[in-house]
Amino acid sequence: MSSHRAVTLGLAGTGRIGTSHADTLRKLPTVATVLVADAVPDRARATATDLGVEFAPDLDALYAADLDGLIIATATDSHPELIIRAVDAGIPVFCEKPVAADITGTLAVIDHLRDSSVPVQIGFQRRFDAGYRAARDAIRSGSLGWLHTLRATTLDPAPPPAEYVSRSGGIFRDCGVHDFDIIRWVTGREITEVFALGGNRGASFFAEAGDVDTAAVLLRLDDGTLATVSLTRYNGMGYDVRLEALGSEGNAIVGLDDRAPLNSVEPDHSPSPYPPYGGFMERFRPAYADELAAFIEVAAGQLENPCPPADALEAFYVAEACDLSRREGRAVEIAEVRR
């Protein structure tokens, strides 16, 4: 694919994130055509009409089009088949995380891709957020000294629907995996051990699905740095995603801006006049746009893949270890779940 012509991109899945991606793609100057399809054709047709993009009646029609790249934003259980089908057809792929619903499925996809030169980029949008990039630069430059603590939070303002929770893979695989990935990415270190606790004080459907609505994780990195990850589905103040990198010489805080849903009770503090972030799409809108723009360059062979499936697998291993730790009430080394 040449950088001197506008491209044609297919998009599979027109739910909330897929529709948002279609809206982003149609505004990128390097994109000529966006063709959308969904397992529910009427949903794809409505998205196409609303956004002024092209409609494909089914996935067969999508794959038969002359695509320069494919964005996959469908349900998790469909990811492996759609990735493999595209790669086998020579179509570069951007797929929202995860690669597959479990480690076995992820490894099967990676094994299938081993001898292929067709790029597959996995969607971890925090890698494209300006704050996380600045924190990475600060850590890698040594300006913080040596890190002693990392504190990460992903606090959702309200729970997703019960039917989503039952097939989400649980809070660590669905939600915490972003924190595990970004901790690895900003530090350049591997996570070696976890201890995770979980609680349920909200809706009963979390426990019924074998999940928790709130969790706390202690992580050890391979250089001895300690990290904590806090997760909840019930942060009533708003969507709170932050990372605090604390070093011997300084610190770098991501997500501490005028829209962070933090309520100081100090008497001399003036509250922010700006509304808190309502959700992940609002908080990370610029990062999603930069991520998709990067994919176009990856598909054209102009940029090294910023998040290959092997990286997604490493974050998935950490999530798997956390789930095992929570269930068995003990520290778990990542080596125990690695295959």
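Bear in mind that the values here come from a model prediction, so they are computed numbers and not experimental data. (Residues numbered from 1 in each chain as written. Predicted model: local features only at pLDDT ≥ 70, side-chain atom pairs only at ≥ 80, totals over all residues. Heavy atoms only, no water.)

Chemist: Honestly, the UniProt feature "domain: Gfo/Idh/MocA-like oxidoreductase N-terminal" (unreviewed entry) in the protein in this entry has me stumped. Any pointers?
Modeler: Mapped onto the present numbering, the UniProt feature "domain: Gfo/Idh/MocA-like oxidoreductase N-terminal" (unreviewed entry) falls on residues 9-124. Secondary structure content for residues 9-124 is 43% helix and 22% strand, and the end C-alpha separation is 19 Å. (UniProt positions renumbered as here; feature names shortened; annotations may be inferred. Helix = DSSP H or I, 4+ residues; strand = E, 2+ residues; numbered from the N terminus.)

Chemist: Quick question: what am I supposed to make of the pairing of strand S2 (residues 31-37) here?
Modeler: Two faces, one strand: in a regular strand the side chains alternate between the faces of the sheet. Among the 7 residues in S2, 5 count as buried, and that is most of the element. As paired elements, strand S1 (residues 7-12) and S2 share 6 bridges and run parallel to each other. Across the sheet, Thr-8 pairs through a bridge with Thr-33, a residue of S2. Relative to strand S3 (residues 54-55), S2 runs parallel, the two being bridged by 2 bridges. In the strand pairing of S3, Val-36 is matched with Phe-55. With helix H2 (residues 41-51) bridging S2 and its parallel neighbour S3, the resulting β-α-β unit is right-handed. (Buried < 20%, exposed > 50% of the residue type's maximum accessible area, 1.4 Å probe, protein only. Pairing = 2+ DSSP bridges. Right-handed = clockwise from strand over helix to strand, strands pointing away.)

Chemist: Can you help me understand the environment of Ala-22 in this one?
Modeler: The topology assignment puts Ala-22 in helix H1 (residues 16-27). With relative accessibility at 0%, the residue Ala-22 sits in the buried group. Separated by 25 residues in the primary sequence, Ala-22 and Thr-47 place their C-alpha atoms 8.4 Å from one another. Sequence-distant contacts of Ala-22, that is, excluding residues within four places in its chain, are made with Leu-11, Val-36 and Leu-51. (Contact = heavy atoms within 4.5 Å.)

Chemist: Help me out: how do you make sense of the packing of helix H4 (residues 79-88) against helix H5 (residues 103-113) in this one?
Modeler: Helix packing geometry: the angle between the two helix axes and the distance between the axes. The N-to-C vectors of H4 and H5 enclose an angle of 5 degrees; their axes lie 10 Å apart at closest approach. Here H4 is positioned roughly parallel relative to H5, judged by the angle of their axes. The segment H4 lies against H5, with Pro-80, Ile-83, Ile-84, Val-87 and Asp-88 engaging Val-109, His-112 and Leu-113. Partitioned by chemical class, the residues of the contact of H4 with H5 number 6 nonpolar, 1 polar and 1 charged. (Axes fitted to C-alpha atoms, helices over the stretch in contact; angles between N-to-C directions. Parallel < 35°, antiparallel > 145°, perpendicular 65-115°, else oblique. Nonpolar A, V, L, I, M, F, W, Y, C, P; charged D, E, K, R; others polar.)

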